Amino acid sequence: MLQLSGTWRTHLESEFKKPYFEQLDVFVRIEYGLHPCYPPSHQIFKAFDNCAFEAVKVVIIGQDPYHGDGQANGLCFSVNEGIPHPPSLRNIFKELETDLNLLYPSSGDLSSWVNQGVLLLNATLSVRAREAGSHQKQGWEKFTNAVIKTLSAERSDLVFLLWGSYAKNKIRFIDTEKHTVLQTGHPSPLSANRGYWFGNKHFSKTNKVLESLGKAPIQWG
């Protein structure tokens, strides 16, 4: 079930052979066989499928997929077309509005970011329906930590956006001499309403870094 394609598989080949990943594969197969789970199985690796290893310019780290019906589509913070925007995504879009003077997006699907080189990586890539955190500590975190380590080691001049304490803990896997790391509070209402999110200007700051490196800026809107 758990199959990465393209150059990602080449760079992460060793992970697929480790006992933890074999156990994870069995766990995910059983869960998807017995329970409704999200995202749909063909979208578990969507973040990778739509953004080749060599194409990554920016990495945004989330925690868990959405566990509500029809929300998760394999990209952190993103929801399917036509789905109401969850609170964290609303605050992301509000920051976009003020940072870049953009109109609030109608669609919560962030696929356009991925297509430009933004890896929208959840630490856990699947979840049982309506049971938040139900697929944590089964091996996903080991795998996605390996993704971050591999990007840090084998790429250069990436921008890592670490939002909230969970994502900030991932800085230990990033070579900050080679990459730019921007940190702020989580976009959830609890954090944002305490003043830890709004005004971070991560979107414009990211584009300034990319442009300084001779890379095309991200069209966030």
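Preceding this paragraph is the structure being described.
All of the points below concern the structure found in this document.

Quick notes on the rules
- Residues numbered from 1 in each chain as written.
- Predicted model: local features only at pLDDT ≥ 70, side-chain atom pairs only at ≥ 80, totals over all residues.
- Heavy atoms only, no water.
- Helix = DSSP H or I, 4+ residues; strand = E, 2+ residues; numbered from the N terminus.
- Polar contact = N/O pair within 3.5 Å; in protein donor to acceptor, adjacent residues only side chain to side chain.
- Buried < 20%, exposed > 50% of the residue type's maximum accessible area, 1.4 Å probe, protein only.
- Pairing = 2+ DSSP bridges.
- Axes fitted to C-alpha atoms, helices over the stretch in contact; angles between N-to-C directions.
- Contact = heavy atoms within 4.5 Å.
- Salt bridge = Lys/Arg side-chain N within 4 Å of Asp/Glu carboxyl O.

The next thing to look at is the environment of Arg172. Tracing the chain through its elements places Arg172 in the loop between α8 (165-168) and β6 (180-184). Measuring from C-alpha to C-alpha, the distance between Arg172 and Asn145 comes to 9.9 Å, with 27 residues separating the pair along the chain. A polar contact is formed between the side chain of Arg172 and the backbone oxygen of Asn169, at a distance of 2.5 Å.

When a strand is regular, its side chains alternate between the sheet's two faces. Of all the 5 residues making up strand β3 (residues 118-122), 5 are buried; the element is thus mostly covered by neighbouring parts of the structure. Residues Val118, Leu120 and Asn122 point to one face of β3 and Leu119 and Leu121 to the other, with burial holding for every one of them. Relative to β3, strand β2 (residues 58-62) runs parallel, the two being bridged by 5 bridges. For Ile60, the partnering residue across the bridge sits in β3 and is Leu120.

Moving on, we get to the sheet that holds strand β5 (residues 159-163). Across a sheet, strands are paired by hydrogen bonds formed along the backbone, either parallel or antiparallel in direction. With parallel pairing, the 4 strands of this open sheet are ordered in space as β3-β2-β5-β6. Two strands bound the open sheet, and with one partner strand each, they are β3 and β6. The average undirected angle you get between the axes of adjacent strands in this sheet is 20°. For β2 and β5, the ladder comprises 4 bridges, and the chain directions are parallel. In the strand pairing of β5, Val58 is matched with Val159. Taken strand by strand, helix α10 (residues 202-212) contacts β2, β5 and β6, and its axis lies near 165° from that of β5.

Before going further, it helps to spend a moment on the pattern of salt bridges. Side chains carrying opposite charge are able to pair once their charged atoms draw close together. Tallying each qualifying case throughout the model produces 6 salt bridges. For Arg9, the salt bridge goes to Glu13, with nearest N and O atoms at 3.8 Å. Judged by its relative accessible area of 23%, Arg9 falls in the partly exposed class. Put simply, Glu31, Arg128 and Glu131 are held in one network by salt bridges that share partners.

Distances and angles like these do not, on their own, reveal function.
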